[in-house]
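Fold and geometry: a report
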Amino acid sequence: MKRVFGDLHLRLDVKDRAEMVRVMRRVAALGYGLVGVPLAAETRGEEVGRLREVFGGVGLDFVSRVDLRPRNAGELVRVLRRVRRRFEVVCVLCENKIVARQAARDRRVDLLSFPLLDFRRRFFDEAEAELASVGLSALEVDVKPLLVLEGAARVRLLSWLRREISVARRFGVPVVVSSGVSAELLLRKPREMAALGFLFGLDKVSGLDAVSRNAGAIVERNREKLSAGFVAPGIRVVKEGRDC
Amino acid sequence: MKRVKRRYLALQVDGEGVPSRRELLDAVWVAVARLYGEYGARMTGLALINYDAERKTGVLRTSLATLNLVRASIATIKSVAGNEAAVHVVAVSGTIKALHKKIPKQM
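What counts and what doesn't
- Residues numbered from 1 in each chain as written.
- Chains lettered and ligands numbered in written order.
- Predicted model: local features only at pLDDT ≥ 70, side-chain atom pairs only at ≥ 80, totals over all residues.
- Heavy atoms only, no water.
- Contact = heavy atoms within 4.5 Å.
- Buried area = accessible area lost by both parts, 1.4 Å probe.
- Salt bridge = Lys/Arg side-chain N within 4 Å of Asp/Glu carboxyl O.
- Polar contact = N/O pair within 3.5 Å; in protein donor to acceptor, adjacent residues only side chain to side chain.
- Helix = DSSP H or I, 4+ residues; strand = E, 2+ residues; numbered from the N terminus.
- Nonpolar A, V, L, I, M, F, W, Y, C, P; charged D, E, K, R; others polar.
- Core = buried A, V, L, I, M, F, W, Y, C linked by side-chain atoms within 4.5 Å.
- Buried < 20%, exposed > 50% of the residue type's maximum accessible area, 1.4 Å probe, protein only.
- Phe/Tyr/Trp six-rings, centres within 6.5 Å; stacked < 30°, edge-to-face > 60°.
- Pairing = 2+ DSSP bridges.
- Axes fitted to C-alpha atoms, helices over the stretch in contact; angles between N-to-C directions.
- Right-handed = clockwise from strand over helix to strand, strands pointing away.
- 1 Å grid on protein atoms, 1.4 Å probe; cavity = no way out; pocket = protein on both sides within 12 Å on 5 of 7 lines; lining within 4 Å.
- Points joined across faces, edges and corners; volume = space filled by probe spheres on them.

Things to note about the interface of chain A and chain B
Counting residues at the interface gives 18 residues for chain A and 20 residues for chain B. Carbon and sulfur atoms supply 57% of the area buried between chain A and chain B, which totals about 1700 Å² over both sides. Counting every contact that joins chain A to chain B gives three salt bridges. On inspection of chain A and its partner chain B, the count reaches eight residue pairs in polar contact (both at pLDDT 80 or more). Sorting the residues of the side of chain A that touches chain B by element identifies α1 (17–30), α6 (144–148), α7 (152–170) and α8 (190–199) of chain A as the ones contributing at least two each. For the side of chain A that touches chain B, the leading source of residues is α8 of chain A, giving six residues. Class assignment for the residues of the side of chain A that touches chain B results in eleven nonpolar, no polar and seven charged.

Next up, the structure:
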């Protein structure tokens, strides 16, 4: 089956419509089919619908995404309650260990992201991976720092990423490779993203899965959950009527 | 002596300015050397087989063993000859003849 490539973290300014359409055309030309754009938590459903139409016009499947940066576990749970049913992908930027553990445990969280340059706050260790493997969340890796950084900083980042990917693979935590870029010239083709995955220990198939199947599976699962007939995993309303 | 298996990569430069053949090859060498060092770069056997400056496309040769290494390095290129640019790998093949069949018509 042909892969549908996805980039779940494209930083677009949704207010600048002309620029957004230009970048979207470029993204479509590079071979992506699925694009996630982080939106503000207050974004209304109508605005998401409008964006979906615009993206559909250039042949892209729009994925609504929200990035949360809670200060503690309680705040995370509160915000999740508010946003979960309004966005297809929920990403939590884990800036402390308590938030990281809660996010990994919570089945409403799809993506775990960690500060890219502050290595002491990258909490993706064995304990985190074990919680994430049960909680269905995936580890997100943005490639932007790999393109922007040079020298010792990039070496340290690669070293950390290699360690984290190894832990994720050991515990069966899916890895999603996203761009995290806003500039057009920093966009890369899906296979180039997979090649960058090679730098931190993803082989060819895992690298391609990280930019296609893993991202697609999260979106598919959440779309089913957000659909009208969904009751529980594996159970959905197929017909409504009176009691037999 | 064992024959070295090679791969040919069709490249497309995206960005402002028209880099020369030398400048494109330098950009690739620098990217490979930054990621893998001079020792790693030595093993790639890089050669720019042909380059069309007008279309900003070229064919790069490397050894099969270092294909992933070269692809990853090319993906990290941010500028060519001082201009902001990206270099995309359009197709990869084992022979130049097959490579030309894989390249989209508009290139």
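The discussion continues.
What about the nonpolar core?
Phe55, Leu68, Leu112, Phe124, Val177 and Phe200 of chain A are the most contacted members of the largest nonpolar core, which totals 72 residues. Ranked by the residues each element gives to this core, the list is headed by α7 of chain A, at six residues. Excluding its chain neighbours within four sequence positions, the residues that come into contact with leucine 68 of chain A are Leu76, Val79, Leu80, Val83, Val90, Cys91, Val92 and Leu93 of chain A. Counting 24 residues, the second-largest nonpolar core is a separate cluster that includes Val13, Leu60, Leu69 and Val87 of chain B.

Thoughts on the packing of aromatic side chains
Residue and element names in this part refer to chain A. The final tally for this structure, using the stated rule, is three aromatic pairs over all chains. With 4.8 Å between their ring centres and 55° between their planes, phenylalanine 55 and phenylalanine 62 make a pair best called tilted. Taking the relative accessible area as the measure of exposure, phenylalanine 62 reaches 1% and is therefore buried. Centre to centre, the rings of phenylalanine 119 and tryptophan 160 are 6.0 Å apart; their planes meet at 10°, and the pair counts as stacked. In this pair, phenylalanine 119 sits in the loop between β5 (111–113) and α5 (126–135) while tryptophan 160 sits in helix α7, placing the two residues 41 residues apart along the sequence. Taking the relative accessible area as the measure of exposure, phenylalanine 119 reaches 7% and is therefore buried.

Comments concerning the sheet that holds strand β7 (residues 175–178) of chain A
In a beta sheet, neighbouring strands pair by backbone hydrogen bonds and run either parallel or antiparallel. Residue and element names in this part refer to chain A. Sheet architecture is open: seven strands sit in the order β1-β2-β3-β4-β5-β6-β7, paired in parallel fashion. The open sheet has two edge strands with one neighbour each: β1 (5–7) and β7. Put simply, the sheet's adjacent strands are angled 30° from each other on average, direction ignored. Here β1 runs beside strand β2 (residues 32–39); their pairing, made up of three bridges, is parallel. In the strand pairing of β2, glycine 6 is matched with leucine 34. Its contacts with the sheet place helix α3 (residues 73–83) against β3 (61–68) and β4 (89–93), and it is angled at close to 155° to β3.

Observations regarding the pairing of β2 of chain A
Residues and elements named next belong to chain A. Most of β2 sits out of view: seven of its eight residues are buried. Taking the sense of rotation as the criterion, the β-α-β connection linking β1, α1 and β2 turns out right-handed. Two strands pair when backbone bridges link them, and β2 and β3 are joined in this way by six bridges, in the parallel orientation. When the bridges of β3 are listed, valine 35 appears paired with phenylalanine 62. With helix α2 (residues 45–57) bridging β2 and its parallel neighbour β3, the resulting β-α-β unit is right-handed.

Section: the sheet that holds strand β1 (residues 6–15) of chain B
Spatial ordering of the open sheet is given by β2-β3-β1-β5-β4 (chain B), a layout of five strands whose pairing is antiparallel. Either end of the sheet is taken by a strand with one partner, and the two such strands are β2 (47–52) and β4 (79–80) of chain B.

Quick word on empty space enclosed by the protein
For the structure on display, the rule yields one cavity of 30 Å³ or more. Its volume calculated, the largest cavity comes out at about 30 Å³. Each residue belonging to the lining of the largest cavity can be placed in one class, and the counts come to three nonpolar, one polar and three charged.

Concerning the pattern of salt bridges
In this structure the tally under the stated criterion is 26 salt bridges over all chains. The residue aspartate 125 of chain A makes a salt bridge to arginine 101 of chain A at a minimum N-O spacing of 3.1 Å. With aspartate 125 of chain A in the loop between β5 and α5 and arginine 101 of chain A in helix α4 (residues 97–105), this residue pair connects regions lying 24 residues apart in the sequence. Under the relative-accessibility criterion, aspartate 125 of chain A is labelled partly exposed at 26%. Arginine 34 of chain B serves as the salt-bridge partner of glutamate 150 of chain A, at 3.4 Å between the closest nitrogen and oxygen. With glutamate 150 of chain A in the loop between α6 and α7 and arginine 34 of chain B in helix α1 (residues 21–42), this pair bridges two chains. One salt-bridge network, held together by shared partners, links Arg52, Asp61, Glu88 and Arg223 of chain A.

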